[in-house]
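In case you want the letters, here they are:
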Amino acid sequence: MITSPGTTEVRPAVTVLGLGEMGSAVAATVLAGGHPTTVWNRTPSKAAALVSQGARRTATAREAVAASRLVVLSVTGNDAAREVLEPAADLLGGRAVVNLTDGTSASATAMSAWVRARGGEYLHGQVMTIAPVVGEPEAVVFYGGDEAVYRRYRPTLRLLGCRSRLVSGDPGRPALYGMAVHGIMWGALNGFLHAAALLSSEGVEVTRFLHHAGASVGSVFGLLPSIADEIDRGEHAAPYGALRHHLPAVRDLVEESRARRIDDELPGYTLALTSEAIDYGHGDDSYSRLVEHFRAAGRR
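To start, this report covers the structure provided alongside it. (Residues numbered from 1 in each chain as written. Predicted model: local features only at pLDDT ≥ 70, side-chain atom pairs only at ≥ 80, totals over all residues. Heavy atoms only, no water.)

### Quick word on the overall build of the chain
Argument step 1. Each helix and strand counted, the chain has 13 helices and 10 strands in total.
Argument step 2. Here the chain has a C-alpha radius of gyration of 24 Å; the compact-globule value for 300 residues is 19 Å, and the former is much larger.
Argument step 3. Taking the principal axes of the C-alpha coordinates as reference, the chain spans close to 65 × 40 × 35 Å.
Argument step 4. For the chain, buried positions account for 39% of its 300 residues. (Helix = DSSP H or I, 4+ residues; strand = E, 2+ residues; numbered from the N terminus. Rg over C-alpha atoms; globule rule 2.2 N^0.38 Å. Buried < 20%, exposed > 50% of the residue type's maximum accessible area, 1.4 Å probe, protein only.)

Structure follows, in structure tokens:
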């Protein structure tokens, strides 16, 4: 640990294992934040830039773990994360492992159990930004796991993104949050690209469309809180936007897509979901009712 000049603030030493694009960004951020920073990577040359900025490079992951009480991992997959830590397993007692490695919620939970079984503390982080944005005000990291670790190292962790937060004591929850955000993003982007193909088939500039229809498009995302509330309550009343009112518009979109030789699979899927729900007697329910389809599909 070091003390910032002119203050009593103590900045703990940090070890960063894995210096890919994200790991390098994390190491550079904590280093710039005044933390003594030790780095390790299988390919030593990847540490050169960080060493020139004041980081200490070690020859082995074991040496790197020994250098700090706070150990941050950023590698490719949790199998690799465990493999990296294995040579230092006997050193994990009394150390906090913050794992920023992508993977499933189950693999994060398994990694937590492995670290804890060796006496270490564990916090999992899901980085919700690209590497160049790490450390910027808009960067977000979802954390889950040991609350004591989060509180102890919160000033350090917030260097990576001041909008970051502990979402659960469950180390698997951040991965689930991340996948949920990505699912929404890809669904929205695919819908937008389908719309762009439809517009451009008529020679309409997509930017011009957004200029005219941006408020309408934005209002769609404004519906999410009310839909979320309906799902959480298990009530799908439709004060507006009943499924039977969606059906004609979806049919029109499918027909328009086919007429213009635009891929109709995406709106066709929506049509199938909506029609099925109405056939089961849910025509007066809101769009949130369709969550039951996705739940049931996983049990088939």
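### Examining the nonpolar core
Argument step 1. Grouped together as the largest cluster of nonpolar side chains are 28 residues, with contacts concentrated most on Val16, Val39, Val72, Val98, Leu100, Tyr143 and Leu160.
Argument step 2. Mapped onto this core, the elements with two or more residues apiece are strand S3 (14-17), helix H1 (21-32), strand S6 (70-73), strand S7 (96-99), strand S8 (121-127), strand S9 (141-145) and helix H6 (147-152).
Argument step 3. Element by element, the count of residues in this core is highest for H1, at 5 residues.
Argument step 4. Leave out the neighbours within four places in its chain, and Val98 touches Leu70, Val71, Val72, Leu73, Leu123, Tyr143, Val149 and Leu157.
Argument step 5. The next biggest cluster of nonpolar side chains, apart from the first, holds 21 residues, and it includes Leu73, Ala80, Leu91 and Val97. (Core = buried A, V, L, I, M, F, W, Y, C linked by side-chain atoms within 4.5 Å. Contact = heavy atoms within 4.5 Å.)

### Details of the packing of aromatic side chains
Argument step 1. Enumeration according to the criterion identifies 3 aromatic pairs in this entry.
Argument step 2. Aromatic pair Tyr143 and Tyr150: ring centres 5.7 Å apart, planes at 50°, arrangement tilted.
Argument step 3. Here Tyr150 falls in the buried class, since its relative accessible area comes to 8%.
Argument step 4. Aromatic pair Tyr269 and Phe294: ring centres 6.5 Å apart, planes at 70°, arrangement edge-to-face. Of this pair, Tyr269 sits in helix H12 (residues 265-279) while Phe294 sits in helix H13 (residues 291-297); the two residues are 25 residues apart in sequence, bridging distant segments of the chain.
Argument step 5. With a relative accessible area of 48%, Phe294 lands in the partly exposed category. (Phe/Tyr/Trp six-rings, centres within 6.5 Å; stacked < 30°, edge-to-face > 60°.)

### Thoughts on the pairing of strand S4 (residues 37-40)
Argument step 1. Residue alternation in S4 divides its side chains into two sets, Thr37 and Val39 and Thr38 and Trp40, and both sets are buried.
Argument step 2. In the sheet, S3 pairs with S4 via 4 bridges, with the strands oriented parallel. Paired with Val14 across the two strands is Thr37, which belongs to S4.
Argument step 3. Crossover connection from S3 via H1 to parallel S4: handedness right-handed. (Pairing = 2+ DSSP bridges. Right-handed = clockwise from strand over helix to strand, strands pointing away.)

### Brief notes about the pairing of S8
In the case of a regular strand, side chains alternate between the two sheet surfaces.
Argument step 1. Among the 7 residues that make up S8, 6 are buried, leaving the element largely enclosed by the rest of the structure.
Argument step 2. Where S7 and S8 come together, 4 bridges link them in parallel fashion. The residue bridging Ala96 from the neighbouring strand is Glu121, located in S8.
Argument step 3. Crossover handedness for the path S7 to helix H5 (residues 105-117) to S8: right-handed.

### Section: the sheet that holds S6
Argument step 1. On the basis of which strands lie adjacent, the open sheet formed by 8 strands has the order S5-S4-S3-S6-S7-S8-S9-S10 and mixed pairing. The sheet is open, and its two borders are formed by strand S5 (56-57) and strand S10 (165-168), each paired with just one other strand.
Argument step 2. Direction of pairing for S6 relative to S7: parallel, over a ladder of 4 bridges. Within S7, the residue paired with Leu73 across the bridge is Asn99.

### So, unusual backbone geometry
Argument step 1. In this structure, Arg261 is a non-glycine residue whose phi angle is positive, near 60°.
Argument step 2. Turning to its location among the elements, Arg261 is positioned in the loop between helix H11 (243-259) and H12.
Argument step 3. Residue Arg261 is classed as exposed on the basis of its relative accessible area, which comes to 80%.

### Regarding the side chain of Ser288
Argument step 1. Relative to the helices and strands, Ser288 is located in the loop between H12 and H13.
Argument step 2. Filtering out sequence-adjacent residues up to four positions away, Ser288 remains in contact with Ile227, Glu230, Ile231 and His236.

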